[in-house]
Amino acid sequence: MNQTPVFRFAEEGDTRLILQFIRELADYEGMLSEVVADEATLKEWIFRKQKAEVLFVLADGREVGFALFFHNFSTFLGRAGLYLEDLYVKPEYRGRGYGKAILKKLAAIAVERGCGRLEWWCLDWNRPSIDFYLSLGAQPMEDWTVYRITGDTLTSLARE
């Protein structure tokens, strides 16, 4: 990346592109079969219900990476944070600074909005990403385990 990165927030007309990036990321992670999101669902939750935001980074006027993020809340800090759900840069644009530019932009958004932190998860096997995050000063949360309830278990728990 030789020039200053260009960013833009996604608009409703970008829903197909967002889904394309999600699928490319899932394929990279070996989890493509788990993607059940479709354009209608993304349109509803990202744009109509405004539960997440999407930021694109562009090269030569073309979207080459994206970040999907939303606000969470820290009771200890007493303020919101930004949670980065997905960060993806197309393979042919990796190693050029686009991933770092996206994280810098997200940090700037967090600071501008008065957020207390920027956080995300990373798959344990993804050593290139882990090394990249560590190089930026990110700290792994080693004392925490992620728990999840989905599908039939979620429905069953809700009905108890």
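This one's a predicted model, so the numbers in the text were calculated from it and none came from an experiment.

### Some thoughts on the layout of surface pockets
Moving on, step 1. Estimates place the volume of the second largest pocket at around 180 Å³.
Moving on, step 2. If you go around the second largest pocket, the residues you meet are Leu103, Lys104, Ala107, Ala110, Arg117, Leu118, Trp120, Tyr133, Leu136, Gly137 and Ala138.
Moving on, step 3. Elements represented by at least two residues in the lining of the second largest pocket include exactly α3 (98-112) and β5 (118-120).
Moving on, step 4. In terms of residue count, α3 provides more of the lining of the second largest pocket than any other element does, 4 residues in total.
Moving on, step 5. Among the residues forming the lining of the second largest pocket, the class breakdown is 8 nonpolar, 1 polar and 2 charged.

### So, helix α4 (residues 127-135)
Side chains that are three or four residues apart share a direction in an α-helix, a result of its 3.6 residues per turn.
Moving on, step 1. Every buried residue belonging to α4 is among Ser129, Ile130 and Tyr133, and all of these are buried. What you see down the axis of α4 is that its buried residues fit within an arc of 100°, all on one side. Among the exposed residues of α4, those oriented more than 90 degrees off its buried face are Pro128 and Ser135.
Moving on, step 2. Packing partners of the buried residues in α4 comprise β4 (79-89), α3 and β5.
Moving on, step 3. Of the residues one or two after α4, glycine 137 is the one with positive phi, at around 95°.

### So, the nonpolar core
If you look at soluble globular proteins, the nonpolar side chains tend to sit buried side by side.
Moving on, step 1. Counting residues in hydrophobic clusters, the biggest one holds 20 residues, and the most contacted among them are Leu87, Tyr98, Ile102 and Leu106.
Moving on, step 2. Breaking this core down by element, the ones donating at least two residues are β2 (53-59), β3 (62-74), β4 and α3.
Moving on, step 3. Ignoring any residue separated from it by four or fewer positions in sequence, one finds leucine 106 in contact with Leu55, Ala67, Phe69, Leu82, Leu84 and Leu118.

### Focus on a nonpolar patch on the surface
Moving on, step 1. A cluster of nonpolar residues, Ile149, Leu154 and Leu157, forms a patch on the protein surface that exposes about 260 Å² of accessible area.
Moving on, step 2. For leucine 157, the location among the structural elements is in helix α5 (residues 151-159).
Moving on, step 3. On the basis of relative accessibility, which here comes to 43%, the residue leucine 157 falls in the partly exposed class.

### Details of helix α2 (residues 39-48)
Moving on, step 1. Taken together, the buried positions of α2 are occupied by Leu42, Ile46 and Phe47. Buried residues of α2, seen end-on, are gathered within an arc of 80° and therefore sit on one face of the element. Exposed and facing more than 90 degrees away from the buried side of α2 are Ala40 and Arg48.
Moving on, step 2. Check the buried side of α2 and you find it contacts α1 (15-28), β2 and β3.
Moving on, step 3. One or two residues past the end of α2 sits glutamine 50, with phi positive at roughly 50°.

### Notes on the pairing of β4
Moving on, step 1. Within β4, 8 of the 11 residues are buried, leaving the element largely enclosed by the surrounding structure.
Moving on, step 2. Pairing of β3 with β4, which is carried by 10 bridges, proceeds in the antiparallel orientation. Considered in β4, the bridge of leucine 68 is made with aspartate 86.
Moving on, step 3. The antiparallel hairpin formed by β3 and β4 contains 4 residues in its connecting segment, where glycine 78 sits at a positive phi of about 75°.
Moving on, step 4. Looking at chain direction, β4 and β5 are connected through 3 bridges and run parallel.

### Quick look at the side chain of serine 74
Moving on, step 1. Summarising the element assignment, serine 74 is placed in strand β3.
Moving on, step 2. The class for serine 74 is buried, based on a relative accessible area of 7%.
Moving on, step 3. Side-chain polar atoms of serine 74 contact the backbone nitrogen of phenylalanine 76, separated by 3.4 Å.
Moving on, step 4. Only 3.0 Å separates the side chain of serine 74 from the backbone nitrogen of leucine 77, close enough to count as a polar contact.
Moving on, step 5. Among all residues touching serine 74, those that are not within four sequence positions of it are Arg79 and Arg117.

Definitions and limits used
Residues numbered from 1 in each chain as written. Predicted model: local features only at pLDDT ≥ 70, side-chain atom pairs only at ≥ 80, totals over all residues. Heavy atoms only, no water. 1 Å grid on protein atoms, 1.4 Å probe; cavity = no way out; pocket = protein on both sides within 12 Å on 5 of 7 lines; lining within 4 Å. Points joined across faces, edges and corners; volume = space filled by probe spheres on them. Helix = DSSP H or I, 4+ residues; strand = E, 2+ residues; numbered from the N terminus. Nonpolar A, V, L, I, M, F, W, Y, C, P; charged D, E, K, R; others polar. Buried < 20%, exposed > 50% of the residue type's maximum accessible area, 1.4 Å probe, protein only. Arc of directions from axis to C-beta. Contact = heavy atoms within 4.5 Å. Core = buried A, V, L, I, M, F, W, Y, C linked by side-chain atoms within 4.5 Å. Patch = residues over 30% accessible without salt bridge, like charges linked within 9 Å, V, L, I, M, F, W, Y side chains within 5 Å. Areas by Shrake-Rupley, 256 points an atom, 1.4 Å probe, with all protein chains shown as cover. Salt bridge = Lys/Arg side-chain N within 4 Å of Asp/Glu carboxyl O. Pairing = 2+ DSSP bridges. Polar contact = N/O pair within 3.5 Å; in protein donor to acceptor, adjacent residues only side chain to side chain.

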